[in-house]
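Listed below, chain by chain, are the residues.
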Amino acid sequence: QKEVEQNSGPLSVPEGAIASLNCTYSDRVSQSFFWYRQYSGKSPELIMSIYSNGDKEDGRFTAQLNKASQYVSLLIRDSQPSDSATYLCAVNRQGAQKLVFGQGTRLTINP
Amino acid sequence: NAGVTQTPKFRILKIGQSMTLQCTQDMNHNYMYWYRQDPGMGLKLIYYSVGAGITDKGEVPNGYNVSRSTTEDFPLRLELAAPSQTSVYFCASSPNPDTQYFGPGTRLTVL
């Protein structure tokens, strides 16, 4: 079992709809969770971090964490074509010096 | 602030050649990382460093070497290049293991 798993997609969502991206992780001692966005041909950039169970909202983005079920998700409301990118889920265990990344989900927003 | 810079942007190597990928950051971050990203895949950690003089292996270190003599620089050395090392290489720096800032990447092809 991979340490961090994502559906590689592609996920296609119409403009204005809600895009839902999911990520599961295997290590129960994981403590911090991140979503990075990567445009085609570019480097990843951090867009959301979440550390405790529940929801965290930042503009059109909401990160959701459920440690009991070992999943973290990212919701993008009012999706825009500029949201088309690959979204990478990353996880860090307490005391670890590094992140573990999933393989990424490619999201396409259709006008 | 230039952030994280990587050179070169592109490089073609012949099998068996060697080269050094340069990475420099001007944010005084202690943590630095080298990743490779194969097409359609996530990021795989090659090596990382938690400070000058300290380096450690990631999940795919074979065929690579690193050094960290200063806080700013974290070069990645490829010895005896092989086609399997064709990839995009990203360097990242961070004030802590979580919030990583990525360089623009080096696209390497080994023929």
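In this report, we go over the structure that sits alongside the text. (Residues numbered from 1 in each chain as written. Chains lettered and ligands numbered in written order. Predicted model: local features only at pLDDT ≥ 70, side-chain atom pairs only at ≥ 80, totals over all residues. Heavy atoms only, no water.)

1. A closer look at the overall build of chain A
The helix and strand inventory of chain A stands at zero helices and eleven strands. Secondary structure of chain A in N-to-C order comes out as β-β-β-β-β-β-β-β-β-β-β. In summary, chain A has a C-alpha radius of gyration of 13 Å against a globular reference of 13 Å for 111 residues, a match within 12%. Projected onto the principal axes, the alpha-carbon positions of chain A cover approximately 40 × 30 × 20 Å. The burial tally for chain A puts 43% of its 111 residues in the buried class. (Helix = DSSP H or I, 4+ residues; strand = E, 2+ residues; numbered from the N terminus. Rg over C-alpha atoms; globule rule 2.2 N^0.38 Å. Buried < 20%, exposed > 50% of the residue type's maximum accessible area, 1.4 Å probe, protein only.)

2. Quick word on the state of the cysteines
Residues and elements named next belong to chain A. Tallied over the entire structure, the rule returns two disulfides over all chains. Each disulfide pairs two cysteine sulfurs, and for cysteine 23 the partner residue is cysteine 89, the sulfurs being separated by 2.1 Å. Torsion about the S-S bond of the cysteine 23 and cysteine 89 cystine: about -75°, corresponding to left-handed handedness. One end of the pair, cysteine 23, is in strand S3 (residues 19–25); the other, cysteine 89, is in strand S9 (residues 85–93), with 66 residues separating them in the sequence. (Disulfide = S-S within 2.5 Å.)

3. Some remarks on the sheet that holds strand S1 (residues 4–6) of chain A
Residue and element names in this part refer to chain A. Across the sheet, five strands lie side by side as S1-S3-S8-S7-S6; this open sheet has antiparallel pairing. Edge positions in the sheet fall to S1 and strand S6 (54–58), since each has one partner strand and no second. Going across the sheet, the axis of each strand differs from the next one's by a mean of 20°, ignoring polarity. When S6 meets strand S7 (residues 61–66), the two strands line up antiparallel, connected through five bridges. From the neighbouring strand, lysine 56 faces S7, where its bridge partner is alanine 63. (Pairing = 2+ DSSP bridges. Axes fitted to C-alpha atoms, helices over the stretch in contact; angles between N-to-C directions.)

4. Topic: the sheet that holds strand S1 (residues 4–7) of chain B
Residue and element names in this part refer to chain B. Strand order in the open sheet formed by four strands is S1-S3-S8-S7, with antiparallel pairing between adjacent strands. Of all strands in the sheet, those with a lone pairing partner are S1 and strand S7 (64–66), marking the two edges. Averaged over all neighbouring strand pairs, the angle between strand axes comes to 20°, with direction disregarded. The pairing of strand S3 (residues 19–25) with strand S8 (residues 76–78) spans three bridges and is classified as antiparallel. Paired with leucine 21 across the two strands is leucine 76, which belongs to S8.

5. Looking at the interface of chain B and chain A
Listed per partner, the contact involves 19 residues of chain B and 18 residues of chain A. In total, about 1,400 Å² of surface goes out of reach between chain B and chain A, with carbon and sulfur atoms giving 56% of it. For the chain B face of the interface with chain A, the top three residues by lost area are Leu43, Asp98 and Phe102 of chain B, together amounting to 34%. If you look at where chain B meets chain A, you find zero salt bridges. At the junction of chain B with chain A, the criterion picks out eight residue pairs in polar contact (both at pLDDT 80 or more). Among the secondary structure elements, those contributing two or more residues to the side of chain B that touches chain A are strand S4 (31–37) and strand S5 (43–51) of chain B. Residue classes in the side of chain B that touches chain A are distributed as twelve nonpolar, six polar and one charged. (Contact = heavy atoms within 4.5 Å. Buried area = accessible area lost by both parts, 1.4 Å probe. Salt bridge = Lys/Arg side-chain N within 4 Å of Asp/Glu carboxyl O. Polar contact = N/O pair within 3.5 Å; in protein donor to acceptor, adjacent residues only side chain to side chain. Nonpolar A, V, L, I, M, F, W, Y, C, P; charged D, E, K, R; others polar.)

6. Description of the pairing of strand S4 (residues 30–38) of chain A
All names here are of chain A. Counted residue by residue, S4 has eight buried out of nine residues, so it is predominantly covered. Pairing analysis gives eight bridges linking S4 to S9, with the strands arranged antiparallel. Counterpart to phenylalanine 34 in the pairing with S9 is alanine 90. Of the pairings in the sheet, the one linking S4 to strand S5 (residues 45–50) comprises five bridges and is antiparallel in character. Among the inter-strand pairings, phenylalanine 33 is bridged to a residue of S5, identified as isoleucine 50. Between S4 and S5, which pair antiparallel in sequence order, lie six residues; one of them, glycine 41, sits at a positive phi of approximately 80°.

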